Each structure stands twice: as C-alpha cells, then as structure tokens.
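Read off the chains here:
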Amino acid sequence: MSTAPRPWAAPSWGDAGLVSGEAVQLDVRAARIGSRVLALLLDVLVQLAFGLLLAALAGLTLAVLPYGVIDAALERALLTVGLVLLLVGYPVLFERLNQGRTLGKAAVGLRVVSVDGAPVGFRQSVSRALVGVAVEWPGLVLPLLSWVAGVTVMLSDPRGRRLGDLVAGTMVVHTRIAARWRPVPDVVPALVGWAYTLDLSRLDAPLALATRQYLARAHRFSEPARGELARRLWHQVAAVTAPPPPPGLPEPVYLAAVLSERHRRARDLLAGDRALAAVLWPQLACPPVAGRPDEPVTDPLARGGAGRERPPTPVGGVERTPGRPV
C-alpha cells in the first residue's frame with residue numbers, strides 16, 4: 001500500500017448518501033464542520049439579540065408590578081424559562097417553521113433533514129436541541145470535555161454529523177448547488193453568417209442569463225427534460241431576435257450561437273471603450289511589465305509613445321490617431 005500523501009480534493013456533490021423512498025440517490029452535499037460552525041456563530045448572535053429583547057421586556061413587565069410580588073425564586077424561574085426558550089425553543093421553532101433552517105443556517109445555505117432525506121420532525125428537532133445544549137453548545141455537562149468529544153465526532157463521521165444528529169437521526173446538508181460554469185459554446189460554422197446579422201436589441205439580460213445557465217448545466221439534465229427546456233428557451237429567444245435561423249439544427253445550437261454572438265458584441269464594445277479611454281486618458285493605460293525591454297509594446301501610450309507610431313484605432317467607426325486632439 002502506498003504511503004504517499006494524496007492531493008486534497010473538494011468534496012463531490014452528492015456525498016451525503018441520501019436515498020429517497022423510490023430508491024433514487026439524492027444529489028446533495030453534506031455540511032462539514034466549517035460551514036456548520038459559521039452557522040452556529042450567526043445563530044449565537046441572533047440568540048443574544050433575542051435574549052436582550054426578552055430581558056428588556058421582562059424588565060419593563062416587572063417594573064410595573066407591585067413591590068414584593070417578585071421574589072428570588074421567581075426571578076430564577078423566569079431566567080430558566082428564558083434560557084430554555086433561547087437555547088431549545090429557538091432552533092426547534094425555526095426548524096419546524098422554516099423547513100429545517102435556523103436564521104444562521106439559512107444565511108450559510110444549510111438545512112436539517114432526516115437521514116432518509118425527509119423533512120426533520122418535531123421530536124427530532126427537540127432531541128438534537130436538547131443534546132446540543134447538554135453536551136455540545138453551550139455544553140452544560142462537562143463543557144470542555146464535551147466540546148472536544150463533539151468536534152471529534154463531527155470530524156470522524158463520514159457525513160459530518162454531530163452528537164445531536166446521531167441521537168435524533170438527522171443530518172445537515174447544503175441547499176446551494178456548487179456548480180462550475182462552463183465556457184460559452186462557439187458558433188457552429190453553418191450559423192456564423194446568420195449570427196452576425198442578428199438583431200439582439202430586444203434580448204434582455206434575464207433571458208440571456210437563463211440561456212447561459214441552461215448551456216452551462218445542460219449536461220446534468222436527462223431527456224426529455226433537457227430537450228423540452230431547450231425548446232422553451234429557444235421559443236422565447238426566437239420571439240425577440242431576427243432574422244430566423246437556417247432550419248435543420250437542434251435548439252441548443254441556436255441558443256449557443258445567439259449567446260456567443262451577444263458575448264462577441266459585448267467584447268467588441270468593451271474593446272472600443274478601452275481604446276477611447278486610452279486616447280483620452282493615456283495615464284490610465286496599464287504600463288508594461290518592467291525588465292522586459294524586448295517585449296512588444298501593446299499600448300505605446302503607456303510609455304508616452306516616444307519614437308513609435310501607433311496604428312489608428314477605430315472608435316465608433318472613425319479612425320483617430322494618438323496625439324491628435326479629439
């Protein structure tokens with residue numbers, strides 16, 4: 001067996017091991033200790049804010065009561081009730097009403113579910129909250145030792161579960177997909193001329209973004225859903241573009257051609273704006289790398305243009321020469 005260290009790799013999507021009732025593996029990623037600690041810190045801040053609010057309300061209520069009604073025993077009882085509401089009631093209430101997400105988990109993008117992928121139940125929420133208060137956070141039973149045990153369990157468990165999750169039969173998963181963007185497909189040669197003549201003035205940003213997302217994630221869809229979504233998108237894109245494309249090609253090819261042409265025009269527009277800015281404000285141009293005198297100068301204006309002539313730069317269809325007033 002080789003003892004060479006293995007390179008670190010990000011956890012793959014779908015490592016939670018959840019299987020639905022129809023025996024279909026769910027594509028869900030388990031939450032690890034880093035994201036869970038961040039969600040816990042946010043929840044602690046929210047609980048402190050709620051605690052200050054409860055203390056202020058309790059103080060105002062006790063201030064209007066007659067003197068002698070409140071004794072030390074009642075004060076301790078109210079304090080205990082307040083702590084139970086904050087430490088146990090807060091996670092249970094939000095997990096039940098917010099689909100397994102406290103405010104901290106919702107901000108980080110986490111959710112509590114059962115080990116079979118079903119929504120978390122009331123008894124499960126209460127069980128994991130009670131175990132968390134007793135031995136994890138704040139850890140009423142042997143705080144330091146219970147913290148070490150809780151961290152050890154989370155690091156050693158394949159799905160990053162804590163003691164409360166093991167007792168309640170739950171786990172925490174990510175709700176946000178960590179998808180990687182793929183490059184925009186190029187225009188096929190048969191559509192180059194058609195794409196160059198397209199009128200894209202009515203193609204708004206939301207529709208272009210939807211097309212971009214489909215082309216980046218189409219490989220993850222299966223038929224017939226992939227084809228149906230492509231036809232719907234192309235129907236919307238064809239309604240706001242002209243002229244119509246040559247027949248005989250699938251809808252994803254048309255979508256890729258439209259999006260690629262839109263990006264090409266955006267790059268040309270950006271290049272024109274930068275060229276105009278280089279003419280009007282030469283001091284904003286990026287200087288070349290020092291120590292490379294033999295490197296070709298991509299922008300002579302960055303060095304003042306001494307001794308060199310820069311070819312005219314087309315800006316808005318008019319050729320302008322550096323040094324000539326605009």
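Preceding this section is the structure that the text describes.
Computed from a prediction, not measured in an experiment: that's the story for all the values here.

Topic: helix α5 (residues 143-156)
A rise of 1.5 Å per residue sets the reference length of α5, with its 14 residues, at 20 Å; its end C-alpha atoms lie 20 Å apart and thus fit the reference within 8%. Of the residues making up α5, those classed as buried are Ser 146, Gly 150, Val 153 and Met 154. Buried residues of α5 fall within an arc of 95° about the axis and therefore sit on the same side. The outward face of α5, more than 90 degrees from its buried face, is lined by the exposed residues Leu 144, Leu 145, Leu 155 and Ser 156.

Focus: the pairing of strand β2 (residues 170-174)
When you tally the buried positions in β2, you get 5 out of 5 residues, the bulk of the element. The side-chain alternation of β2 yields two buried faces, one formed by Thr 170, Val 172 and His 174 and the other by Met 171 and Val 173.

Things to note about the side chain of Thr 211
Along the chain, Thr 211 turns up in helix α8 (residues 205-217). Residue class for Thr 211 comes out buried when judged on its relative accessible area of 3%. A distance of 2.9 Å separates a polar atom in the side chain of Thr 211 from the backbone oxygen of Leu 207. With near-sequence residues (within four places) excluded, Thr 211 lies in contact with Leu 233, Val 237, Leu 255 and Leu 259.

A closer look at the pattern of salt bridges
Throughout the structure, instances matching the rule amount to 11 salt bridges. In this structure, Glu 95 and Arg 128 form a salt bridge, with 2.8 Å as the shortest nitrogen-oxygen distance. Linking Glu 95 in helix α2 (residues 72-97) with Arg 128 in helix α4 (residues 122-136), this pair joins segments that are 33 residues apart in sequence. Assigned by exposure class, Glu 95 and Arg 128 land together as buried. A salt bridge links Asp 165 to Arg 128; the shortest N-O distance between them is 2.7 Å. Of the two residues, Asp 165 sits in helix α6 (residues 163-168) while Arg 128 sits in helix α4, which places them 37 residues apart along the sequence. You'll find Asp 165 and Arg 128 in the same group, each marked buried. One network of salt bridges, with partners in common, ties together Arg 36, Glu 95, Arg 128 and Asp 165.

Here we look at the packing of helix α1 (residues 33-63) against α2
The geometry of a pair of packed helices is captured by two quantities: the angle between their axes and the separation between those axes. It is at 11 Å that the axes of α1 and α2 come closest, and there the two elements cross at 140°. Of the possible angle classes, the one that applies to α1 and α2 is oblique. For the pair α1 and α2, the sense of crossing is right-handed. Facing Asp 43, Val 46, Gln 47, Phe 50, Gly 51, Leu 54 and Leu 62 of α1, the residues of α2 in contact are Leu 78, Leu 86, Leu 87, Tyr 90, Pro 91 and Phe 94.

Focus: the side chain of Thr 241
Take Thr 241: it is sitting in the loop between α9 (225-239) and α10 (251-280). Excluding residues within four positions of it along the chain, Thr 241 makes contact with Leu 198, Asp 199, Leu 200 and Arg 202.

Here's the deal with unusual backbone geometry
Generally, phi is negative for residues other than glycine and the peptide bonds are trans, each holding for most cases. With omega at 0°, the peptide bond leading from Trp 137 into Pro 138 counts as cis. One can find Pro 138 in the loop between α4 and α5. At the junction of Glu 223 and Pro 224, the peptide bond is cis and its omega measures out at 10° in the coordinates. Even without being glycine, Gln 99 reaches a positive phi, approximately 55°. Locating Gln 99 in the fold gives a position in the loop between α2 and α3 (103-108).

Describing a nonpolar patch on the surface
On the surface, Phe 50, Leu 53, Leu 54, Leu 57, Leu 60, Val 81, Leu 85 and Leu 103 cluster together into a nonpolar patch covering about 720 Å² of accessible area. For the nonpolar patch, the secondary-structure elements that each account for two or more residues are α1 and α2. No other element matches the 5 residues that α1 contributes to the nonpolar patch. If you trace the backbone, Leu 85 turns up in helix α2.

Points about the packing of α8 against α10
At a minimum axis separation of 10 Å, α8 and α10 run at an interaxial angle of 125°. The angle between α8 and α10 falls in the class oblique. At the point where α8 passes α10, the crossing takes the left-handed sense. Residue-level contacts link Ala 205, Ala 208, Thr 211, Arg 212, Tyr 214 and Leu 215 of α8 to Pro 252, Leu 255, Ala 256, Leu 259 and Arg 262 of α10. Residues belonging to the contact of α8 with α10 are distributed by class as follows: 8 nonpolar, 1 polar and 2 charged.

Side note on the packing of aromatic side chains
Under the definition given, this model contains 5 aromatic pairs. An angle of 65° between the planes, with centres 6.3 Å apart, marks the rings of Trp 194 and Tyr 254 as edge-to-face. Linking Trp 194 in helix α7 (residues 192-196) with Tyr 254 in helix α10, this pair joins segments that are 60 residues apart in sequence. Assigned by exposure class, Trp 194 and Tyr 254 land together as buried. An aromatic cluster of at least three residues, connected via ring pairs, comprises Phe 50, Tyr 90 and Phe 94.

Parameters at a glance
Residues numbered from 1 in each chain as written. Predicted model: local features only at pLDDT ≥ 70, side-chain atom pairs only at ≥ 80, totals over all residues. Heavy atoms only, no water. Helix = DSSP H or I, 4+ residues; strand = E, 2+ residues; numbered from the N terminus. Expected span 1.5 Å × (residues − 1). Buried < 20%, exposed > 50% of the residue type's maximum accessible area, 1.4 Å probe, protein only. Arc of directions from axis to C-beta. Polar contact = N/O pair within 3.5 Å; in protein donor to acceptor, adjacent residues only side chain to side chain. Contact = heavy atoms within 4.5 Å. Salt bridge = Lys/Arg side-chain N within 4 Å of Asp/Glu carboxyl O. Axes fitted to C-alpha atoms, helices over the stretch in contact; angles between N-to-C directions. Parallel < 35°, antiparallel > 145°, perpendicular 65-115°, else oblique. Left-handed = near helix turned anticlockwise from the far one by under 90°. Patch = residues over 30% accessible without salt bridge, like charges linked within 9 Å, V, L, I, M, F, W, Y side chains within 5 Å. Areas by Shrake-Rupley, 256 points an atom, 1.4 Å probe, with all protein chains shown as cover. Nonpolar A, V, L, I, M, F, W, Y, C, P; charged D, E, K, R; others polar. Phe/Tyr/Trp six-rings, centres within 6.5 Å; stacked < 30°, edge-to-face > 60°.

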